[in-house]
Amino acid sequence: MTKATWTISDLSKEFDITPRTIRFYEDHGILNPARDGNKRIYVARDRTRLRLALRGKRLGFTLSAIRELVDMYEGPRDTVPQLKHYLSILETQRASLAQQRVDLEETLAEIAQQQRQCEILLKSKK
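Please read these numbers as outputs of a predicted model, since none were measured by experiment.

Student: What's the story with a nonpolar patch on the surface in this structure? I'm lost.
Tutor: Residues L104, L108 and I111 make up a contiguous nonpolar surface patch of about 300 Å² in total accessible area. Along the polypeptide, L108 turns up in helix α5 (residues 80-124).

Student: How should I be thinking about the pattern of salt bridges in this particular structure?
Tutor: One side chain can pair with another of opposite charge once the charged atoms of both are near each other. Per the counting criterion, the structure on display carries five salt bridges. Note that E14 is salt-bridged to R47, the shortest N-O span being 2.5 Å. Taken together, the residues span a long stretch of sequence, with E14 in helix α1 (residues 8-15) and R47 in helix α3 (residues 44-58) at a distance of 33 residues. Between R49 and D71 there is a salt bridge, with its nearest N and O atoms 2.9 Å apart. Separated by 22 residues along the polypeptide, R49 in helix α3 and D71 in helix α4 (residues 63-74) bring together distant segments of the chain. What makes R49 buried here is its relative accessible area of 2%. Classification of D71 as partly exposed rests on a relative accessible area of 39%.

Student: Can you help me understand the sheet that holds strand β1 (residues 5-6) in this one?
Tutor: Pairing between the strands of a sheet comes from backbone hydrogen bonds, and it takes one of two forms, parallel or antiparallel. Overall, antiparallel pairing links the three strands, which are arranged β1-β3-β2 in an open sheet. A single partner strand is all that each edge strand has here, and the edge strands are β1 and β2 (34-36). As paired strands, β2 and strand β3 (residues 39-43) are joined by three bridges and run antiparallel to one another. Directly across from D36, in β3, lies its bridge partner K39. Along the sheet, α3 contacts β1 and β3; its crossing angle with β3, the most-contacted strand, is approximately 80°.

Student: Just checking my understanding: could you explain the packing of aromatic side chains for this structure?
Tutor: The description of an aromatic ring pair uses the distance of the two centres, along with the angle that the planes make with each other. Inspection of the entire model under this criterion finds one aromatic pair. Plain terms: the ring middles of F24 and Y25 are 5.4 Å apart, the flat faces sit at 75° to each other, and that makes the pair edge-to-face. Here F24 falls in the partly exposed class, since its relative accessible area comes to 37%. Residue Y25 is classed as buried on the basis of its relative accessible area, which comes to 3%.

Student: Is there a simple way to think about the environment of P81 in this case?
Tutor: Turning to its location among the elements, P81 is positioned in helix α5. Using a relative accessible area of 60% as the deciding quantity, one classes P81 as exposed. Along the sequence, P81 and C118 sit 37 residues apart, while their C-alpha atoms lie 55 Å from each other.

Conventions we followed
All residue numbers here refer to positions counted from 1 along the written sequence of the relevant chain. Per-residue local features are limited, in this predicted model, to residues with pLDDT of at least 70; the limit for side-chain atom pairs, both in listing and counting, is 80 or more; totals at the level of whole chains, interfaces and linings are taken over all residues. For the side-chain quantities, the full set of heavy atoms in the structure was used; hydrogens and water were omitted. A patch consists of residues exposed above 30% relative accessible area that lack any salt bridge, with like charges linked at up to 9 Å and nonpolar side chains (Val, Leu, Ile, Met, Phe, Trp, Tyr) linked at up to 5 Å. For accessible areas, the Shrake-Rupley method is used with a probe of radius 1.4 Å. Any residue's cover is judged against the shown protein chains and nothing else. Take a side-chain nitrogen of Lys or Arg and a carboxyl oxygen of Asp or Glu: if they are within 4 Å of each other, that pair is a salt bridge. Helix and strand assignments follow DSSP, with helices taken as H or I runs no shorter than four residues and strands as E runs no shorter than two, numbered in order from the N terminus. We call a residue buried when its accessible area falls under 20% of the maximum for its residue type, exposed when it is over 50%, and partly exposed in between, using a 1.4 Å probe and counting protein chains only. At least two bridges found by DSSP between two strands is the condition for calling them paired. In what follows, residue pairs with any heavy atoms lying within 4.5 Å of each other are defined as contacts. Here an axis means a line fitted to C-alpha atoms, over the contact stretch when the element is a helix, while the angle between two N-to-C directions is reported on a 0 to 180 degree scale. Here a Phe, Tyr or Trp ring, Trp counted by its six-membered ring, pairs with any other such ring whose centre lies within 6.5 Å, and the pair is stacked when the planes are under 30 degrees apart, edge-to-face when over 60, and tilted otherwise.

Pasting the structure below:
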């Protein structure tokens, strides 16, 4: 049985990302493909790590948090400490996003108030 491999083009198409994105994750140690001359050869481990990195990005994690989560995947799976740590990271991210939502709502309310004031001033100038 041969081991499944992918090229950078294969992964780009599968995940609908650019080769540059894949190289970015390589540059930051998340992916480590084998080389055949200038050609990159990705194995199942790389593909899984890319999937996890992209999920972390969608969830808004920092690059260091993504690297930590992807590396955590390499260890023993579904251990209690891993799951507790992951829950902690998720809760921190949830709190951060909730605060951003509050901040955005406050900013939007202030913008709406400024718009109303401008409209009142414009009407008074007619």
